[in-house]
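# Examining the three-dimensional arrangement
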Amino acid sequence: MNDFYVTAPGEVAPPVPRGPMLCDGRDMRIVHNAFLWGYQQAPVLVRDVAPGDTARSAFVGRWLGDLDATLHVHHEGEDQLLWDKLEQRAPACALHVGQMRAQHAQVQEFLRQAAPMLVAWTRTADPDIGEALATAYEELLGVLSTHLRREVVEVVPVAEKVVSQQEWEQLAEHGLGAIPRSRLMPQLGMLLASTPAQERPGFVEGMPRPVRVMYRLFGRRQFEKQYRLLFPGQPVPRTP
Ligand SMILES: [Fe+2]
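Below you will find a few notes about this structure. (Residues numbered from 1 in each chain as written. Predicted model: local features only at pLDDT ≥ 70, side-chain atom pairs only at ≥ 80, totals over all residues.)

### Side note on the overall build of the chain
For the chain, the helix and strand inventory stands at 9 helices and 0 strands. When the helices and strands of the chain are read in sequence order from the N terminus, they spell out α-α-α-α-α-α-α-α-α. By the compact-globule yardstick of 18 Å for 240 residues, the chain fits well, its C-alpha radius of gyration being 18 Å. A separation of at least 24 residues holds for 84% of the contacts in the chain among residues at least 6 apart in sequence. (Helix = DSSP H or I, 4+ residues; strand = E, 2+ residues; numbered from the N terminus. Rg over C-alpha atoms; globule rule 2.2 N^0.38 Å. Contact = placed C-beta atoms within 7 Å.)

What follows is the structure in structure tokens.
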């Protein structure tokens, strides 16, 4: 299977500073996989809602709004906690960090434009608004497919050399602090379900213990219920 996280023709990664690895950035690709998976589902879920079926559009719209909100939190954490450190400690990476900042702004603009469409479609299940919304999500996926890939390929290897493990973990802590538990638990299930089996144990061990316990106590059930409602008739992926 081809790895998605590779350099495309014409792209140039910044030099990676010498020295030992200070943090383990593998969790970034796991988080990015979950967003890519979510936004691959988004246009299909929207187009599958029958015109006027507002019960279904309310449910799907809530799921999409949660996905958008969590993407925003993820980018906000990097904006606040990562870019300045990289620019200061690895100046040769500054150009790439500038590209990451610009791509975040582009994603933010997509989310800003999609937000009123999402609200209107959620309330009405209007098929024309739904089609515009599905198209907007396709365009957003196009931008994310480049941004999330390039961040892993070009920026994470530099971060692993100049950012301490404690500083790296602040990114996850930012997300855990900003995402309400009701949203976090089913999204964690989605993340675990979209993670290749061989990468799961390391990720689960790295999760804060209270989050692990909450997921086992009630999070998995919330995820499974949500998944059944989102994808009726499909087998629910097993999560640890
Ligand atoms: Fe990221």
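### Examining the environment of Arg-123
With respect to the helices and strands, the residue Arg-123 is situated in helix 4 (residues 94-124). We classify Arg-123 as partly exposed; it has 13 C-beta atoms within 10 Å. Taking C-alpha positions, Arg-123 is 7.1 Å from Ser-57, a pair spaced 66 residues apart along the chain. (Buried ≥ 20, exposed ≤ 12 C-beta atoms within 10 Å, placed from the backbone.)

### Things to note about helix 1 (residues 26-47)
The end-to-end C-alpha distance of helix 1 is 34 Å, a good match for the 32 Å that 22 residues give at a rise of 1.5 Å each. Helix geometry: helix 1 is bent most strongly at Gln-41, by close to 25 degrees, with proline Pro-43 lying one to four residues after it. (Expected span 1.5 Å × (residues − 1). Bend = angle between axes of the 7 residues up to and from the residue.)

### Concerning the nonpolar core
Membership of the largest hydrophobic core comes to 49 residues, with the highest contact counts inside it found for Val-46, Leu-86, Leu-133 and Tyr-137. The element contributing the most residues to this core is helix 5 (residues 127-162), with 13 residues. With near-sequence residues (within four places) excluded, Leu-86 lies in contact with Cys-93, Val-97, Val-155, Val-158, Ala-159 and Val-162. (Core = buried A, V, L, I, M, F, W, Y, C linked by C-beta atoms within 7 Å.)

### With respect to the packing of helix 4 against helix 5
Where helix 4 contacts helix 5, the axes come no closer than 9 Å and their chain directions differ by 155 degrees. In terms of their interaxial angle, helix 4 and helix 5 are classed as roughly antiparallel. For the pair helix 4 and helix 5, the crossing hand works out as left-handed. Across the contact of helix 4 with helix 5, the residue classes tally to 16 nonpolar, 7 polar and 3 charged. (Axes fitted to C-alpha atoms, helices over the stretch in contact; angles between N-to-C directions. Parallel < 35°, antiparallel > 145°, perpendicular 65-115°, else oblique. Left-handed = near helix turned anticlockwise from the far one by under 90°. Nonpolar A, V, L, I, M, F, W, Y, C, P; charged D, E, K, R; others polar.)

### Description of the environment of Leu-171
Here Leu-171 lies in helix 6 (residues 165-178). In this structure Leu-171 comes out as buried when scored by C-beta crowding, with 22 C-beta atoms within 10 Å. The spatial distance from the C-alpha of Leu-171 to the C-alpha of Ala-92 is 22 Å, given a sequence separation of 79 residues. Not counting chain neighbours up to four residues away, the residues in contact with Leu-171 comprise Gly-77, Glu-78, Leu-81 and Leu-82.

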